[in-house]
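# Close look at the chain arrangement
Here is what each chain is made of, one letter per residue.
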Amino acid sequence: MSGVQKIIVADDDTDQRLDRWLRRLFPHISQGRIEKMCRKGDLRVDGGRVKSSSRVMAGQTVRVPPLPDSDLRPSDMLRRISDADIKMIQSCVIYRDDHVIALNKPHGLAVQGGSGQSRHVDGLAEALKFGYEDKPRLVHRLDKDTSGVLLLARDRLSAKALTASFRHRETRKVYWSVVAGVPHPKLGMIKTGLVKAQGHGPGGEGEKMYNIHPRDIDSTPGAKKAITDYVVLEAAGQRAAWMALSPVTGRTHQLRAHMGELGHPIVGDGKYGGSSQENLGDGWGSQLGDEISKKLHLHARSIKIEHPTNRSVLHVTAPLPQHMQDTWDYFQWDPRDVPEDPFEELE
């Protein structure tokens, strides 16, 4: 049996149903148990009673009552983390101080538990205490197949401050990607509405975002405004482009859905660049062939954010994963040839 847990809702989890949010964290918990906890008032948000259908918002604190071991997420069980996983997750640390840890999250490692996800950053965070009593807390997310900078807070106040910075967009996130074809113009802003289509799995797996015209956002249930800045950094003829992407908003799959809508899907993205997706380059879909990896080419290259305690600018940069570095080598692209933050020069 676990004790009472108080979990701060991350920025990327905002406006989710409470029951769905809870099941993502505790995959084995039943809907019936969630309903019962709500009826009894054991499950609370910011101290208030809630329904299972209530929406959680970034920065809110969810009180989760003691749960039987059978309902615990793997990270909360007293399970052993293998020596190999301890070594792996600790090797991902690219910045650490008394309040913040930054990881270069590997491609293919989920951030949180979910259906079929027993190995994830949140569970492995037990190996990132480095002498602290509590494990570090997630304050934002990356998709499983997106690599790069992931921040964790080492205490409650730092988590609250970092979450607020993400929520109020007081941060700059720069992603690097390779897309099929070369967007024109080479510098621009994508503005659409994004609406989620439910997946076919029992927990909603396989969900996908669809773009709609901005004029239809208000009249489309569940649609939200999504804005992405982009710039082409290098091009390989008309075959592919090295892109810098900066999300102004933080919607699910935003960058992937936006590049697919532009006709230039991110290389390796089967969800938004399937074989039927014309890529406006020299073919169809999101695969370039030859020696180019079929893995997703999307990497959270850097984050600039206000430090939660000393208010200085915390700037963290993550090296490319191997499959993307191989692509850079193939096209003879050199990170030293481009500005670290190309959007800063445009302000």
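Residues numbered from 1 in each chain as written. Predicted model: local features only at pLDDT ≥ 70, side-chain atom pairs only at ≥ 80, totals over all residues. Heavy atoms only, no water.

- An unreviewed UniProt entry lists the protein under the name Pseudouridine synthase, with Parasedimentitalea psychrophila as the source organism.
- Check the Sequence similarities (unreviewed entry) section of the UniProt entry for the protein; it says "Belongs to the pseudouridine synthase RluA family."
- In its Function (unreviewed entry) section, the UniProt record describing the protein reads: "Responsible for synthesis of pseudouridine from uracil." (UniProt positions renumbered as here; feature names shortened; annotations may be inferred.)

### Comments concerning the environment of Thr 317
- Mapping Thr 317 onto the fold places it in strand β17 (residues 313–317).
- When sequence neighbours within four positions are dropped, the list of residues in contact with Thr 317 reads Ile 94, Val 149, Arg 301, Ser 302 and Glu 340. (Helix = DSSP H or I, 4+ residues; strand = E, 2+ residues; numbered from the N terminus. Contact = heavy atoms within 4.5 Å.)

### Brief notes about the UniProt feature "active site" (unreviewed entry) in the protein
- If you check UniProt for "active site" (unreviewed entry), the listed places come out as Asp 143 in our numbering.
- Counting through the fold element by element, Asp 143 comes out in the loop between β9 (137–138) and β10 (147–153).
- On the accessibility criterion, Asp 143 (26% relative accessible area) is partly exposed.
- Each residue touching Asp 143, except ones within four places of it in the same chain, is listed here: Lys 105, His 253 and Arg 256. (Buried < 20%, exposed > 50% of the residue type's maximum accessible area, 1.4 Å probe, protein only.)

### Things to note about the nonpolar core
- Core analysis: the largest hydrophobic core is formed by 32 residues, its most contacted members being Ile 89, Leu 103, Met 243 and Leu 245.
- If you tally residues by element for this core, the top one is strand β15 (residues 240–247), at three residues.
- Non-local contacts of Leu 103, meaning those with residues more than four positions away in its chain, are made with Ile 89, Cys 92, Val 93, Ile 94, Val 121, Leu 128, Gly 148, Val 149, Leu 150 and Leu 152.
- Grouped together as the second largest cluster of nonpolar side chains are 20 residues, Val 267, Ile 292, Trp 333 and Phe 343 included. (Core = buried A, V, L, I, M, F, W, Y, C linked by side-chain atoms within 4.5 Å.)

### Some details on the sheet that holds strand β4 (residues 48–49)
- On the basis of which strands lie adjacent, the open sheet formed by four strands has the order β1-β6-β3-β4 and antiparallel pairing. Two strands close off the open sheet at either side, each with one partner strand: β1 (5–8) and β4.
- One ladder, built from four bridges, connects β1 with strand β6 (residues 61–64); its direction is antiparallel. Counterpart to Ile 8 in the pairing with β6 is Thr 61.
- Where helix α1 (residues 18–25) meets the sheet, its contacts fall on β1, β3 (44–45) and β6, and the angle it forms with β6 comes to roughly 65°. (Pairing = 2+ DSSP bridges. Axes fitted to C-alpha atoms, helices over the stretch in contact; angles between N-to-C directions.)

### Regarding the confidence of the model for the protein
- Averaged over the protein, the pLDDT score is 86; the fraction of residues at 70 or greater is 87%.
- Here α1 stands out as the least confident element of the protein, with mean pLDDT 83; strand β8 (residues 100–105) is the most confident, with 98.
- In the model, residues 74–79 has pLDDT below 50 throughout and makes 15 contacts with residues more than four positions away in sequence or in other chains. (pLDDT = per-residue confidence, 0-100.)

### Let's talk about the packing of aromatic side chains
- With the rule as written, the count across this model stands at seven aromatic pairs.
- Between the aromatic rings of Trp 176 and Trp 242, the centroid separation amounts to 5.1 Å while the plane-to-plane angle is 75°, which identifies the pairing as edge-to-face. Highlighted residues: Trp 176 in strand β11 (residues 171–180) and Trp 242 in strand β15, separated in sequence by 66 residues. Here the two residues Trp 176 and Trp 242 agree in accessibility, since each one is buried.
- Between Trp 242 and Trp 333, the ring centres sit 5.8 Å apart and the planes meet at 35°, which makes this aromatic pair tilted. Linking Trp 242 in strand β15 with Trp 333 in the segment after α7 (322–331), this pair joins segments that are 91 residues apart in sequence.
- Residue classification places Trp 242 among the buried positions, given a relative accessible area of 0%.
- An aromatic cluster of three or more residues is present, and its members are Trp 176, Trp 242, Trp 328, Tyr 330, Phe 331 and Trp 333.
- Between the NZ or CZ atom of Arg 96 and the centre of the ring of Phe 130, over which it lies, the distance is 4.0 Å.
- Above the plane of the ring of Tyr 132 lies Arg 154, whose end atom (NZ or CZ) is 3.8 Å from the centre. (Phe/Tyr/Trp six-rings, centres within 6.5 Å; stacked < 30°, edge-to-face > 60°. Lys NZ or Arg CZ within 6 Å of the ring centre and 35° of its normal.)

### A word on helix α6 (residues 254–261)
- Taking burial as the measure, the eight residues of α6 include seven buried ones, the bulk of the element.
- Within α6, the full set of buried residues consists of Gln 254, Leu 255, Arg 256, Ala 257, His 258, Met 259 and Gly 260.
- Lining the buried residues of α6 we find β11, β12 (187–197), β13 (208–212), β14 (224–236), β15 and β16 (298–306).
- Two residues or fewer past α6, Gly 263 is found with a positive phi of approximately 90°.

### With respect to α7
- Every buried residue belonging to α7 is among His 323, Met 324, Thr 327, Trp 328 and Phe 331, and all of these are buried. Taken down its axis, α7 places every buried residue within 145° of arc, on the same side.
- Once α7 ends, the next one or two residues include Gln 332, with phi positive near 60°. (Arc of directions from axis to C-beta.)

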